[in-house]
Amino acid sequence: MTSKIPSSICAAPWMHFAVSTHPDGFITMPCCRFRMGSDSRYKKEKFQTPLEAISKQGYFEDIRKKMLAGEKLSECSKCWREEEHRGYSYRTLMFNRLNIEKIKPDEPFVLKYLEIFFSNLCNLSCRMCDITQSSQWANLYNGAFLPNGMKDNAVDDEYLDENGKAKTAPVNFDLALLDKIDLSNLIEVKILGGEPMITPDHLVFLRRLMKDSKNPSDIKLVYHTNATKKPPQVVVDFWKKIKKVEIVCSIDGYGEVNEYQRIGHKWKAIEDTVQWYRSLDADVELRIHTTLSSVNIWRLQDLVKWTNKIVPPHKVTFDFVQNPPYLDISMMPDNAKNKCKEILQHSTILSRAHKQFILAYLDTKSYNVIHWKEFWNKMEAIDKYTNQSLSSVAPQLETFKI
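To keep things clear, this report deals only with the structure shown in the data block. (Residues numbered from 1 in each chain as written. Predicted model: local features only at pLDDT ≥ 70, side-chain atom pairs only at ≥ 80, totals over all residues. Heavy atoms only, no water.)

As a further point, take the packing of helix α10 (residues 267–279) against helix α11 (residues 300–310). Angle between the axes and distance between the axes: these two values describe a pair of packed helices. Contact pair α10 / α11: the axes reach a minimum separation of 12 Å and the direction vectors enclose 20°. When the interaxial angle is binned, α10 and α11 end up roughly parallel. Of the two possible hands of crossing, α10 and α11 adopt the one that is right-handed. Facing α10, whose interface residues are W267, I270, E271, V274, Q275 and R278, α11 presents W306, K309 and I310. (Axes fitted to C-alpha atoms, helices over the stretch in contact; angles between N-to-C directions. Helix = DSSP H or I, 4+ residues; strand = E, 2+ residues; numbered from the N terminus. Parallel < 35°, antiparallel > 145°, perpendicular 65-115°, else oblique. Left-handed = near helix turned anticlockwise from the far one by under 90°. Contact = heavy atoms within 4.5 Å.)

With that settled, consider the side chain of N258. Within the secondary structure, N258 sits in helix α9 (residues 256–261). Overall, N258 belongs to the buried group, its relative accessible area being 1%. Looking at N258, its side chain comes within polar contact range of the main-chain nitrogen of D252, at 2.6 Å. For N258, the residues in contact, after removing those within four places along its chain, are I251, D252, G253, H265, W267 and I270. (Buried < 20%, exposed > 50% of the residue type's maximum accessible area, 1.4 Å probe, protein only. Polar contact = N/O pair within 3.5 Å; in protein donor to acceptor, adjacent residues only side chain to side chain.)

Taking 1.5 Å of rise per residue, 12 residues should cover 16 Å, and helix α12 (residues 334–345) covers 16 Å from first to last C-alpha, within 8% of that figure. Of all the positions in α12, only A336, K337, C340, K341 and L344 are classed as buried. When α12 is viewed along its axis, its buried side chains cluster within an angular range of 140° and face the same direction. Looking at the buried positions of α12, the neighbouring elements they touch are α11 and α13 (352–362). (Expected span 1.5 Å × (residues − 1). Arc of directions from axis to C-beta.)

Bringing the packing of helix α6 (residues 137–145) against helix α14 (residues 369–386) into the picture now. Look at α6 against α14: their axes get within 9 Å of each other, and the N-to-C directions meet at 100°. Relative to α14, α6 is oriented roughly perpendicular. In contact with N139, L140, G143, A144 and F145 of α6, α14 contributes K378, A381, I382, Y385 and T386. In the contact of α6 with α14, the residues fall into 6 nonpolar, 3 polar and 1 charged. (Nonpolar A, V, L, I, M, F, W, Y, C, P; charged D, E, K, R; others polar.)

Right, here's the structure in full:
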C-alpha cells in the first residue's frame, strides 16, 4: 500500500484545516497557505463551513484524490517553492505527521491540527499587509492610498463601504461555528489574526477547547503574534494546563526598521513583551519569524544580532513578501539585487542556511519596472501619511530610485 502513496501528498486534507472569517461568511481551507486566489480551481467552494468542506461532497475530497494521484497542486505553490530552495516546508512537516503506512484513500477526516483566525482585529498596519489580516490597515488604505488615487487588489468589494472606503470595523469570528468543529481530538492548534493577543474570542475558544478536549495535557498551542501585546493572566493560566505553547513573534527588523515596516508601535514594547514571555513559568518556546521585503532586507544583520541574544538561529525563520508584489525583493532592479547579494555574502552573523535561502530567492523572479515604480509611489504616500522616512531606514535604496 505504501508504494502507491506518492511522497508529494500533504497530510492536511486528512487531519487539518484552517478556518477564517470573511464578510461573506467562513473560509475553510486545508491550511492557511492554500492559495485561493481568482485563478484557483476551488474559489467557488471557499465559503463553506468545515463540515461541508471535509464531507464526501466537499472540496477536500477532490484535493485528496488529486494528491493521491501524484498531482502537485498549484494552490500549494508556497510549499513547493520552499522545498526547492531550502529542502523543507510546512507540507513536509505535515507529511511527517501522517502515518503513511496506514493511510487509506477513503479514510474519514479526523481533525487533529487546526489553524484558526478569530478576527482581522489588529493594532498595527504593516506595509505588506492587507485588510483581511488587519483592521488597522484600513486606515492606511483610506489615509495614504485613496487620497492619491491608489488602489489595492487585496481590498475586495466586500471590505468597502458605500463611499469606496475600506471598512475599519473588524470582521469577527462567529463563535457559533465552534459547534460545527470537533475539538475533542486536537493535539495542535495554531492561532492567528489579526493580533490574537487582543482578540476577545481567543479566551472564549480556550475555554471551549479545554472543555471539549479528550486530553488537554496533550495539546500544543502555536501563536503568531506581532509581540507588541501580552495576553491576560487567565490565558497564561490555561497555558499551564496544556503540553506546550509556542510563541512565533513576527518581527521584521531591529528598532526603527520594524517600526517602519510594521506601523503603529514602538520598539521598546517588543523588547518588553519578548522578555516577559521569557520570564513565564509556563512551558513557552519562543520563535522569531521575519518577512523580508525591499525595505528591511538592507539591515537584516542588525536584526540577527538582536535575535541571536533571544533565541538560537534554528528558531529564526524567514519568508518573503510576494503580495503586494512591489515589496518583493526578487522584483527589485538587478543592480539593487546585486548590492543586496553582496551584503548578504559578506555577512558574518547570518547562518549559512539562511544566507543560501535568501540568496536563492533573490533570483526567483526578474526586475519589474511597473512594480518598482509602484514601490516608490506607495512608500512615499505612506510616509507622508505616517510622517516616516524610507531614507532613514534604508538609505541604500536612494541609489536605485526611479
